[in-house]
Amino acid sequence: MHTHTMDVRPSPRRALLLALTLLMTACKTPSATGGGSSPGHSSGSSSAQGRDEDVPQGDPFPTKPSVEARKDAQADQALAQAVQQAETAPRKQAAEAFLAVRKAYPQTTAGQEALYRAGVLFYDSQDYVNARKAFNELLFENPLHPQAPEAKRRLGRAALEVGAYRDAYQTLYSLAERAEGAERTQLLEDAAKAAEKAGLFGQALQISVDLAGKAQTPEAQQAAVARVQQLVEGRAGFVDVARVAEELSPSNPAWPVLTFKLARIYYHLREWTRLEETLNRFLAEAPNHPFAGQARELLARATRRVEVQPRTVGLLLPMSGKYKAVGEAVLRGVKLALSGSDIELVVKDTQGDVNVTGQAMEQLAFDEGAIAVLGPITSDESRRAALVAEELQVPLLTLTRQEDITGIGPYVFRNMLTNSAQARAIADFAMKQKGFKSFAMLYPNLPYGVELANGFWDQVVENGGQVRGAESYDHDQTTFTDEARKLVGRYYLEDRLDYVQGVREVQQQTSGQDAFRRRKAMEKMKGSVEPIIDFEAIFIPDEWRRVSLVAPALAVEDIVTNACDARDVERIRKTTGKKDLKTVMLLGTNAWSSAKGASGMPELVERGGKFVTCSVYVDGFFVDSQRQATQRFVKAYRQANDNADPGLLEAYGYDSARMVRQLLESKQAPRSRNDFREALANVKDFDGATGKTAFDEKREARKPLFLLSVSNKGVTEVPPDQTAALGGS
């Protein structure tokens, strides 16, 4: 086995697959109607994309006056006096004087002129709010006013200053369509700025592209292209980029920026044919552009997508960060499985980051040509890797517990102990082997505990049984008296008829006695209330430390859990004097597994003592198993790792890699990724450290799990021949 590890750089911004439909159906948007037109209706912002009613349309002003202004001598005289006063008064004071004329003579030409002059003074004094108010009122009344063009210019820029960006864009763009030369350029630049701030990135992009094409100086061209590049990097939507690029001539300086962005979109959407066409055109038209090197690299990567190295296998693991120990454990198992083979193992450090994981998966597919990939482990990383694997059609054998991960697609497989498999296996053991029909549950109020409790309950019902009681507790709880009392009906005594009857009898018997005797009699009666144990087993999906605290609390409430056979039952009957004694078995998950303590016994047994004996829990691996394949693995692992014991992660890593090795070393070894996928799907009865494995129709590994029995001598495996027919992983 040849192994090398490569660094993973941060992932580039990814395209949402939802944009595929929009991108493929994008077409030129009709121009707005009215006095002017906008450069397309589609907005790059998430709030406006596809909603034309949110985008300003055409000229915002009416086409004819709403007020017929008339000449008036008195009004003209008042205006003249205001003009004379404005020559010496401060701007705002002069503006108020003009507004007074406007108020006194509202429907006169002098009144409109006064309103315009007031707006100019407000604007020049940077009172943009009042300037907008004055210009808006004037233009609504008389859009044909002699100073209307200047009023519109000032109105648009005032709107830009106060943050009314959509109004500013609409006004400035409508003016630019009628302007020429430097004035038009300035208006378009202001309109583009307003559109961008308003979130109308599509409009801002179209204007910036037009400015780049008509720039008169290198500096202006460079500034316009820079604005285009800024907009296409995370602002303008995919549809906007495609729409603007569709009709853009290669002679436009912004064409390379838009075209390369479009190619990157096709890359993330896995539109390989369009990607190659776009990149080839880019390189033909702009071979010396700064992006040309990246374009050639992207084109080469795309063409390598179908090139496979049949002896190269990828491995995605967190080799740094908080999950480093987990990654190292799996890697030890994988390396042991591939030892002595000529398979090249390429390890990628996911760093516990989903973005890094996605890019690492792409690197394994494009750059390394891996025929298949193992890992990752954590839920989020595995989901990202599975999505990319399915897009690129690379077989992925993931090691996550995440339920339904294989539902992402036919190239995704899973080999790992899951919560659903544990719930199914322990329920099947209790019902099909032990014959139990009634159960109770105590579980931590955590996603792990809730998920396992629900899975167990479903399996019990499916097998025709009943759950008679279910109590949850806080994850950091250390006492469980109340939960135990609730399970056996001793917590809410007032709801029990036998208790109510007992209270009445005590009251009758102690009538006339003092309070102390009455209280003592009541306490004695209360303590004699028998527990209602209408279940044969209790399922506790929690880690072993908590179980060692729960079990004694159950014993306090007369729930007998440590009677493994008839002799134990008889002994307890004699001790307690209870002839109708009923025993209960505790059932658990692989979280019950514990390291060996100072005595050489598992810590679960050391701490739980007699209260956890006779219990049974399920696991995906057992280091002391008598299964031959498991023994061979444990022996090889100890020899390679200074006599250290392997755990579940090492075992599943080992089995997963051994399956891959078996396929690649077979007489008809797969040469393509699709052939490998088919071969993996057809794996049957692979005899591994974690059991005989086969993949079902959902590409989930199925195998009989390890049922482990707890006694005062330690933990032993329930013989495999007794569990082979039970539900496994």
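Residues numbered from 1 in each chain as written. Predicted model: local features only at pLDDT ≥ 70, side-chain atom pairs only at ≥ 80, totals over all residues. Heavy atoms only, no water.

Enquirer: Is there a simple way to explain the overall build of the protein chain in this structure?
Expert: A count of helical and extended segments in the protein chain gives 29 helices and 16 strands. Relative to its full complement of 729 residues, the protein chain shows a buried share of 52%. Surface exposure of the protein chain reaches about 34200 Å², of which carbon and sulfur atoms provide 47%. (Helix = DSSP H or I, 4+ residues; strand = E, 2+ residues; numbered from the N terminus. Buried < 20%, exposed > 50% of the residue type's maximum accessible area, 1.4 Å probe, protein only. Areas by Shrake-Rupley, 256 points an atom, 1.4 Å probe, with all protein chains shown as cover.)

Enquirer: Mind showing me how you'd approach the pattern of salt bridges here?
Expert: Oppositely charged side chains may form a pair once their charged atoms are brought near each other. Under the defined criterion, the tally for this structure stands at 39 salt bridges. Across the pair Asp 76 and Lys 71 runs a salt bridge, and its minimum N-O distance is 3.1 Å. When its relative accessible area of 26% is taken as the criterion, Asp 76 is described as partly exposed. Residue Lys 71 is classed as exposed on the basis of its relative accessible area of 61%. One continuous salt-bridge network, built from bridges that share partners, spans Arg 270, Arg 301, Arg 304, Glu 362, Asp 367 and Glu 391. (Salt bridge = Lys/Arg side-chain N within 4 Å of Asp/Glu carboxyl O.)

Enquirer: I tried to follow the pairing of strand E15 (residues 706-711) on my own but got confused; where do I start?
Expert: Looking along a regular strand, one sees side chains alternate from face to face of the sheet. Relative to E15, strand E11 (residues 616-619) is paired through four bridges, and the arrangement is antiparallel. If you follow Val 616 over to E15, its bridge partner there is Ser 709. Looking at chain direction, E15 and strand E16 (residues 714-717) are connected through four bridges and run antiparallel. Residue Leu 708 lies in a different strand from E16, and its bridge partner there is Glu 717. (Pairing = 2+ DSSP bridges.)

Enquirer: Explain the nonpolar core to me, please; I cannot follow it from the model alone.
Expert: If you look at soluble globular proteins, the nonpolar side chains tend to sit buried side by side. Grouped together as the largest cluster of nonpolar side chains are 77 residues, with contacts concentrated most on Leu 205, Leu 258 and Leu 275. No other element matches the nine residues that helix H12 (residues 255-268) contributes to this core. The next biggest cluster of nonpolar side chains, apart from the first, holds 68 residues, and it includes Leu 338, Ile 371, Ala 651 and Val 718. (Core = buried A, V, L, I, M, F, W, Y, C linked by side-chain atoms within 4.5 Å.)

Enquirer: Could you clarify how one ought to interpret the sheet that holds strand E13 (residues 691-695) in this entry?
Expert: Backbone-to-backbone hydrogen bonds join strands into a sheet, with any given pair of strands oriented parallel or antiparallel. Taken in spatial order, the three strands line up as E12-E13-E14 in an open sheet, and their pairing is antiparallel. Lying at the two open borders of the sheet, with one neighbouring strand each, are strand E12 (686-688) and strand E14 (701-702). Two strands pair when backbone bridges link them, and E13 and E14 are joined in this way by two bridges, in the antiparallel orientation. Considered in E14, the bridge of Phe 695 is made with Ala 701. Lying on the sheet, helix H27 (residues 648-664) is in contact with E12 and E13; it crosses E12 at an angle near 140°. (Contact = heavy atoms within 4.5 Å. Axes fitted to C-alpha atoms, helices over the stretch in contact; angles between N-to-C directions.)

Enquirer: So what exactly am I meant to see when it comes to the sheet that holds strand E8 (residues 466-473) here?
Expert: Taken together, the seven strands give an open sheet; going across it, the order is E8-E7-E9-E10-E11-E15-E16, and neighbouring strands pair in mixed fashion. Lying at the two open borders of the sheet, with one neighbouring strand each, are E8 and E16. When the angles between neighbouring strand axes are averaged without regard to direction, this sheet yields 25°. Pairing of strand E7 (residues 438-444) with E8 involves seven bridges; the strand directions are parallel. Paired with Ala 440 across the two strands is Gly 469, which belongs to E8.

Enquirer: Explanation requested: helix H18 (residues 419-433) in the structure shown.
Expert: Each α-helix turn comprises 3.6 residues. Residues three or four places apart therefore point the same way. With 15 residues, H18 extends 21 Å between its outermost C-alpha atoms, agreeing within 8% with the 21 Å of an ideal straight helix rising 1.5 Å per residue. The buried fraction of H18 is high, at eleven of 15 residues. Of all the residues in H18, the buried ones are Asn 419, Ala 421, Gln 422, Ala 423, Ala 425, Ile 426, Ala 427, Asp 428, Phe 429, Ala 430 and Met 431. Each element contacted by the buried residues of H18 is listed here: E7, helix H19 (447-462), strand E9 (537-539), strand E10 (585-588), E11 and E15. (Expected span 1.5 Å × (residues − 1).)

Enquirer: Can you walk me through the confidence of the model for the protein chain in this structure?
Expert: Close inspection of predicted coordinates is inappropriate in any region flagged by low pLDDT. In this model, the protein chain carries a mean pLDDT of 88, and residues with pLDDT of at least 70 account for 89%. A low-confidence stretch, residues 4-37 (pLDDT under 50), is modelled with 82 contacts involving residues beyond four sequence positions or located in other chains. In this model, residues 40-55 is a region of pLDDT below 50 whose contacts with residues beyond four sequence positions or in other chains number 45 contacts. (pLDDT = per-residue confidence, 0-100.)

Enquirer: Whenever I open this one, the packing of helix H4 (residues 109-124) against helix H5 (residues 128-141) confuses me. Can you help?
Expert: For any two helices packed against each other, one specifies the crossing angle of their axes together with the interaxial distance. Two numbers describe how H4 lies on H5: the axes approach to 8 Å, and their chain directions differ by 155°. In this view, H4 runs roughly antiparallel relative to H5, as classed from their interaxial angle. In the crossing of H4 with H5, the sense of the turn from one axis to the other is left-handed. Of H5, the residues touching H4 (which contributes Gln 112, Leu 115, Tyr 116, Gly 119, Val 120, Phe 122 and Tyr 123) are Tyr 128, Asn 130, Ala 131, Ala 134, Phe 135, Glu 137, Leu 138 and Glu 141. The residue makeup of the contact of H4 with H5, split by class, is ten nonpolar, three polar and two charged. (Parallel < 35°, antiparallel > 145°, perpendicular 65-115°, else oblique. Left-handed = near helix turned anticlockwise from the far one by under 90°. Nonpolar A, V, L, I, M, F, W, Y, C, P; charged D, E, K, R; others polar.)

Enquirer: I keep staring at the layout of surface pockets and nothing clicks. Help me out?
Expert: One way to see where empty space is left: roll a probe the size of a water molecule over the atoms. Looking at the largest pocket, its volume works out to about 930 Å³. Of all the elements in the fold, those that place two or more residues in the lining of the largest pocket are helix H15 (324-338), E11, H27 and E16. Element by element, the count of residues in the lining of the largest pocket is highest for H27, at three residues. For the lining of the largest pocket, the per-class residue count stands at 19 nonpolar, eleven polar and nine charged. (1 Å grid on protein atoms, 1.4 Å probe; cavity = no way out; pocket = protein on both sides within 12 Å on 5 of 7 lines; lining within 4 Å. Points joined across faces, edges and corners; volume = space filled by probe spheres on them.)

Enquirer: Before we go on, may I ask you to explain the side chain of Ser 341 in this structure?
Expert: In this structure, Ser 341 sits in the loop between H15 and strand E3 (344-349). Of note is the side chain of Ser 341, whose polar atom sits 2.9 Å from the backbone oxygen of Leu 338. (Polar contact = N/O pair within 3.5 Å; in protein donor to acceptor, adjacent residues only side chain to side chain.)

Enquirer: Explanation requested: the pairing of E7 in the structure shown.
Expert: Taken across its seven residues, E7 has seven buried, putting it largely inside the fold. Side chains Ser 438, Ala 440, Leu 442 and Pro 444 of E7 all project onto a buried face; the interleaved residues Phe 439, Met 441 and Tyr 443 project onto the opposite face, where all are buried too. Traced from E7 through H19 to E8, the parallel crossover comes out right-handed. Here E7 pairs with E9 via three bridges, running parallel. Across the sheet, Ala 440 pairs through a bridge with Ile 538, a residue of E9. (Right-handed = clockwise from strand over helix to strand, strands pointing away.)

Enquirer: How should unusual backbone geometry be read in this particular structure?
Expert: Glycine aside, residues mostly have negative phi, and peptide bonds are mostly found in the trans state. Note the cis peptide between Gly 375 and Pro 376, where omega equals -5°. Although it is not a glycine, Asp 558 sits at a positive phi angle of roughly 65°. Judged by relative accessible area, which is 30%, Asp 558 ranks as partly exposed. In this structure, Asn 643 is a non-glycine residue whose phi angle is positive, near 65°. Along the chain, Asn 643 turns up in the loop between helix H26 (628-640) and H27.

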